[in-house]
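Residue-level structure breakdown
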Amino acid sequence: MVLPFFSFKDKQSLVDVDIHSHLIPKIDDGAKDIERSIELILSLKAMGYNKLITTPHVSDMFLNNSQTILEGYKKLKEELVQRKIEIDIEVAAEYYADEHFEALLAQGDILTFGGKEKYLLFELSYFSPPLDLESLIYDIKLAGYRPVLAHPERYMYLHDSIDKYRDIKNMGVLFQINLISIDGYYSSEVTQAVKELIVNGMVDFIGSDTHHRQHLKHLKKSFSNGLYKKIFKYNKILNNII
Ligand SMILES: [Fe+2]
């Protein structure tokens, strides 16, 4: 029997819904098999999440599409039912802004989350600025989706000026920060950037971006970080209203 990595006394999340994770086994760099997948899910549940919107990578490296993702999702759901694990699990995707994504967007082969509003989670290169972000955002919106930029704090070419973030927000993009960024998981520059976004009220969603156990350890630490409550003080967080 698979047990959660954390016990139920660790219930510490201030939101019920997580909108970013890699929990479907074997289709990206997240859960490596079904046992690990179940363990991560049980751990997130123990931390207080009632609903998990899992978001496998779609990129040149992980050539997923709706079909590959939905097949994996169906198997995972069946496994959860069989093991009598009660958790609301939904699926979307995390699209890397490349030609594969643009082709899927043109075909309408896109997985989103939300109800009336169709939120599309996308990510950029960590090192090189996108060539034409404005036209990409335009295409996403034209197709009827609301763009949500995953972990904006992790893009190093945005770190030198908050105005760069403002420009992106002004294009109609929502921001989803990774909670473990506040705990210094990535780098001090990323932690500094996430602080700026938080105190400037620029955060719309928070996500765990869980791939493996290491992320859960830092997630748990993030819940007791002083910055965690500030996220809710300075920002209108949309996690629970989707
Ligand atoms: Fe991710």
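Residues numbered from 1 in each chain as written. Predicted model: local features only at pLDDT ≥ 70, side-chain atom pairs only at ≥ 80, totals over all residues.

**Brief notes about the pairing of strand β8 (residues 174-178)**
- Extensive coverage of β8 is indicated by the burial of 5 of its 5 residues.
- Residues of β8 alternate between two faces, with L174, Q176 and N178 on one and F175 and I177 on the opposite face, all of them buried.
- Taken together, the 3 bridges between strand β7 (residues 146-150) and β8 define a ladder with parallel strand orientation. Paired with V148 across the two strands is L174, which belongs to β8.
- Note that the unit made of β7, helix α5 (residues 162-170) and β8 has a crossover that is right-handed.
- By the bridge criterion, 3 bridges tie β8 to strand β9 (residues 205-207) in an arrangement that is parallel. Across the sheet, residue N178 finds its bridge partner in β9, namely G207. (Buried ≥ 20, exposed ≤ 12 C-beta atoms within 10 Å, placed from the backbone. Helix = DSSP H or I, 4+ residues; strand = E, 2+ residues; numbered from the N terminus. Pairing = 2+ DSSP bridges. Right-handed = clockwise from strand over helix to strand, strands pointing away.)

**With respect to the sheet that holds β8**
- Taking strand neighbours across the sheet as the criterion, the 6 strands line up as β3-β5-β6-β7-β8-β9 in an open arrangement whose pairing is parallel. At either end of the open sheet lies a strand with only one pairing partner, and these are β3 (57-58) and β9.

**Details of the packing of helix α6 (residues 188-199) against helix α8 (residues 226-234)**
- One way to put it is that α6 packs onto α8 with a least axis distance of 8 Å and a crossing angle of 35°. Mapping the contact onto sequence places K195, I198 and V199 in α6 and L227, K230, I231 and Y234 in α8.
- Grouping the amino acids of the contact of α6 with α8 by side-chain chemistry returns 5 nonpolar, no polar and 2 charged. (Axes fitted to C-alpha atoms, helices over the stretch in contact; angles between N-to-C directions. Contact = placed C-beta atoms within 7 Å. Nonpolar A, V, L, I, M, F, W, Y, C, P; charged D, E, K, R; others polar.)

**Comments concerning unusual backbone geometry**
- Unlike most non-glycine residues, K26 shows phi in positive territory, near 70°.
- By the secondary structure assignment, K26 is in the loop between β1 (17-18) and α1 (34-46).
- With 14 C-beta atoms counted inside 10 Å, the residue K26 sits in the partly exposed group.
- Backbone geometry at H151 places phi at a positive 30°, although glycine is not the residue there.
- Examined against the element boundaries, H151 turns out to sit in the loop between β7 and α5.
- Taking the C-beta count within 10 Å as the criterion, H151 has 23 such neighbours and is therefore assigned buried.

**Overview of the nonpolar core**
- By size, the foremost hydrophobic cluster in this structure holds 63 residues, and its most contacted members are Y95, L120, L121 and L197.
- Broken down by element, the residue count for this core peaks at 6 residues, all from α1.
- When residues no more than four places from it in sequence are discounted, the contact partners of L121 are H20, T55, A92, A93, E94, Y95, V148, A150 and Q176. (Core = buried A, V, L, I, M, F, W, Y, C linked by C-beta atoms within 7 Å.)

**Some remarks on the sheet that holds strand β2 (residues 51-54)**
- Taking strand neighbours across the sheet as the criterion, the 3 strands line up as β1-β2-β4 in an open arrangement whose pairing is parallel. Of all the strands in the sheet, the pair left with one neighbour each is β1 and β4 (88-91).
- Sheet topology note: the β2/β4 ladder contains 4 bridges and is parallel. Bridge pairing in β4 places K51 opposite D88.

**Considerations on the environment of S59**
- Among the secondary structure elements, S59 is positioned in the loop between β3 and α2 (66-82).
- Taking the C-beta count within 10 Å as the criterion, S59 has 18 such neighbours and is therefore assigned partly exposed.
- For the pair S59 and H22, spaced 37 residues apart in sequence, the C-alpha to C-alpha distance is 14 Å.

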